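Observations on the model geometry
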Amino acid sequence: MAGRRKPRAEGDIGSVFASLSGEEAAVLPPRFRDLKTQIINDADRAALTASWGRLTERLAQAAEEIETAQQDAVPTVAYDDLINADAATVQRIKRAGALVLTDVVSRAEAEGWLADVEAYVKANPQVKGFPADDKQVFEVYWSKPQLEARAHPRSVAAQRALLSLFASAPGSPVSLDAPLTYADRLRIRHPGDSRFALGPHMDGGSIERWEDPTYRSVYAAILSGNWEAFDAFEIAARSAANQNLYDGAGACGIFRAFQGWTSLSDTGPGEGTLRVYPLIREQTAYTLLRPLFREVKSKAEVGHEAYLAPQNWVLDTETTEFPGAPPARSQEFNDDTHPHLQLSRSMVSIPRVRPGDQAWWHADTIHAVESAHRGTGPSAVMYIPAVPLTRVNAAYVRDQLDSLRGGVPPPDFPGGEGEQNFRGRATERDVPGDTARQAMGIEPFEVAKGMPAGERAARQEANAIFGFA
Ligand SMILES: [Fe+2]
C-alpha cells in the first residue's frame, strides 16, 4: 500500500498547466526516444502506419460532423433517463464520452448552495484563488454546501449510473457500485472574465499514458494499430495505472472514470462554460498515436492540406517529442501539437445548463473552458467526479479524510494552511448519511456474502485501508 502523501507546495490552478504558467515546452531526455522506439517495435509498423491513415481520415470527417452539429454533438440526458438508461442512450453517451445530465438536483437547492458558498468566501477573505487579484477558481474544498452536494443521493445515484457504463473484469477488486468522494475546488466565474481560459487538455497525467506500462496497456488496441477496437469503457488496467510518475501539481492521485461538475448557475455557450471534443474513441486514439509520428514537411512548406495528409507523416524513432505531454503537467493540445484534431472546429461548448444540472466527461476526454465569459451572471460550478472503488482510490480517500480533519487542501491540491482557520468550515460531522460517510472512509462499507467476488474484495480491501480491520 502506498505511504501517506506529502503535502504539496502552496499554489492555485495556475500551477497545473504549462500554458497557464507561461512555461516554454521543454526538450525531453533521450530515454523518451527509447520509449517511443520500444512502443513502435512492439507493434507491427505497417499496421501502425495504416491505422494512422484511417484515423486521420476519420478525424477530418469528424471535424465536419462536429462543426455542423455544434451543441447537438454532446448528448443531453435527463436524470431519469440515465438511471433507467435504454441501449440508445448508453450508445450516445459512450460514443461522445461526454454529456449534460439535467434535473439532478432542484434549482432551489443548487441556488441555495451558491448563496452558501458565496457567504463562506465572503466570511473568509483570506481565501486563495485564481487569478489572485480577482478570485474565481477558489482553493475551497471543505465548505458545507460542497459536502452536501457531494453526498446528495441523486448525485451519488448519477455517479453510480455513469460508473455502470464501464466493464471490469469479473473477480477484479473494483466496485462500480460504491462511488468514493473526491473533494475538489469550486469555480465562480464573473461575467466579462477572460483570464481563466483553460486550453484543451486531458486530465489523468500526461507522459504517464505511455511511460507507465499498466497505463499504456489500457490503450493496447490503439498502440497495436487497431484503434477501431479500442473500448474506452473497460476499467481493469485503468484502476491500477500510475497517472502520476512525477508528482506534478496537475497530477490526480485518484482514477476518475468521469470528471464532472454540478452547475449552480444558468450557463450557456459563450458564458464561460465547458468545451469538449465529443468523440471519445477518435480523440484517444489520436492522442496516443500522435507522438509515434512526425511530420516530413512543415505546414509552411506544403500548406495545410498536404501537411495533414498521411504521406506527410512517418513513424518517429528519432526525436524525444511527446507533443503537449511534459512530465508533471497535464496533457495539453493545440493546433501545432495536434493538428489533425482541428480543434478550432471540433471543440464544442456543451449545451446550456441550469442550476442543478451536471456536466460529465470521460477520463480521456479533451476538454477546455471557454476563454471569455460574455454572459451577465456568474458561471458557477462545483467539481464533483465519479470515482470507482479501487485500492488506489481508497488509499487516496484515506489521506483525504486527514485533510478534512485538519481543514487543509486534499492531497492532490496545492498545500498550505487552507481552510484551517476559516469561519463556518465543515467538519467530519457534516458528512450526511451512511453512504456518504462510507464514500469518505469515515465508516466501513458493508460486505455481504451474496455480493460478486470482485465487489466483495474491493469493499474488504477498502475497509482494511480505512483502518477497519
Ligand atoms: Fe481538466
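The structure contained in this document is the topic of the report that follows. (Residues numbered from 1 in each chain as written. Predicted model: local features only at pLDDT ≥ 70, side-chain atom pairs only at ≥ 80, totals over all residues. Heavy atoms only, no water.)

Focus on the overall build of the protein chain
Looking only at helices and strands, one finds 17 helices and 17 strands in the protein chain. Its C-alpha radius of gyration of 22 Å places the protein chain within 12% of the 23 Å reference for a compact globule of 469 residues. Judged by the C-alpha coordinates and their principal axes, the protein chain covers about 60 × 55 × 45 Å. The buried share of the protein chain, reckoned over its 469 residues, is 57%. As displayed, the protein chain offers around 18,300 Å² of accessible surface, 50% of which is attributable to carbon and sulfur atoms. Positive and negative charge centroids in the protein chain, built from 50 and 62 side chains respectively, lie 3 Å apart. (Helix = DSSP H or I, 4+ residues; strand = E, 2+ residues; numbered from the N terminus. Rg over C-alpha atoms; globule rule 2.2 N^0.38 Å. Buried < 20%, exposed > 50% of the residue type's maximum accessible area, 1.4 Å probe, protein only. Areas by Shrake-Rupley, 256 points an atom, 1.4 Å probe, with all protein chains shown as cover. Lys, Arg positive; Asp, Glu negative; His and termini not counted. Charge placed at Lys NZ, Arg CZ, Asp CG, Glu CD.)

Some remarks on the nonpolar core
Of all hydrophobic cores here, the largest spans 107 residues; its most connected members are F258, W261, Y277, L292 and I350. The residues contacting Y277, other than those within four sequence positions of it, are L59, A62, I66, A96, Q283, L341, S346, M347, T365 and I366. Among the nonpolar cores identified, the runner-up in size contains 29 residues, and L147, V387, A394 and F466 belong to it. (Core = buried A, V, L, I, M, F, W, Y, C linked by side-chain atoms within 4.5 Å. Contact = heavy atoms within 4.5 Å.)

Some remarks on the coordination of the iron ion
Taken together, the protein ligands of the iron ion are H201 (NE2), D203 (OD) and H367 (NE2), with distances of 2.2 to 2.3 Å. Each donor residue of the iron ion belongs to the same chain, with the gaps between them written as H-x1-D-x163-H. D203 matches H201 in its accessibility class, with the two residues each being buried. (Donors = N, O, S within 2.8 Å, 3.2 Å for Na, K, Ca; no water.)

Some points on the environment of Q283
Within the element layout of this structure, Q283 appears in helix α11 (residues 280–289). Along the backbone, Q283 and D357 are 74 residues apart, and their C-alpha atoms lie at a distance of 26 Å. Excluding its chain neighbours within four sequence positions, the residues that come into contact with Q283 are Y277, D364, T365 and I366. A distance of 2.9 Å separates a polar atom in the side chain of Q283 from the backbone oxygen of L279. (Polar contact = N/O pair within 3.5 Å; in protein donor to acceptor, adjacent residues only side chain to side chain.)

Some thoughts on the packing of helix α5 (residues 107–123) against helix α6 (residues 144–151)
Direction vectors running N to C along α5 and α6 enclose 150°, while the axes themselves pass 8 Å from each other. Considered as vectors, α5 and α6 are oriented roughly antiparallel to each other. Residue-level inspection shows W113, D116 and V117 of α5 in contact with α6, the latter providing P145, E148 and A149. Among the residues making up the contact of α5 with α6, the classes are represented as four nonpolar, no polar and two charged. (Axes fitted to C-alpha atoms, helices over the stretch in contact; angles between N-to-C directions. Parallel < 35°, antiparallel > 145°, perpendicular 65-115°, else oblique. Nonpolar A, V, L, I, M, F, W, Y, C, P; charged D, E, K, R; others polar.)

What about the environment of R437?
With respect to the helices and strands, the residue R437 is situated in helix α16 (residues 434–439). Since its relative accessible area comes to 18%, R437 is described here as buried. Distance in space between the C-alpha atoms of R437 and T181 is 9.1 Å, their sequence separation being 256 residues. In contact with R437, not counting residues within four places along its chain, are E428, R429, V431, I442 and E443. There is a polar contact of 3.0 Å between the side chain of R437 and the side chain of E443.

A closer look at the pairing of strand β5 (residues 175–180)
Among the six residues that make up β5, five are buried, leaving the element largely enclosed by the rest of the structure. In the sheet, β5 pairs with strand β17 (residues 387–389) via two bridges, with the strands oriented antiparallel. In the sheet register, L180 faces β17, and the bridge partner there is V387. (Pairing = 2+ DSSP bridges.)

A look at the pattern of salt bridges
One pass over the full model with this rule turns up 25 salt bridges. With a shortest N-O distance of 3.1 Å, R294 and E318 are connected by a salt bridge. Of the two residues, R294 sits in strand β10 (residues 293–295) while E318 sits in the loop between β11 (313–315) and β12 (331–332), which places them 24 residues apart along the sequence. In this structure R294 comes out as partly exposed when scored by relative accessible area, which is 25%. Accessibility expressed as a relative area gives 52% for E318, which makes it exposed. Taken together, the shared-partner salt bridges in this structure form one network comprising R107, E111, D266, E271 and R352. (Salt bridge = Lys/Arg side-chain N within 4 Å of Asp/Glu carboxyl O.)

Re the sheet that holds strand β4 (residues 137–138)
Spatial ordering of the open sheet is given by β1-β2-β14-β8-β16-β6-β4-β3, a layout of eight strands whose pairing is mixed. Strands at the two margins of the open sheet, each flanked by one partner only, are β1 (76–78) and β3 (129–130). Along the sheet, helix α4 (residues 87–96) makes contact with β1, β2 (98–102) and β8 (258–263), crossing β1 at roughly 140°.

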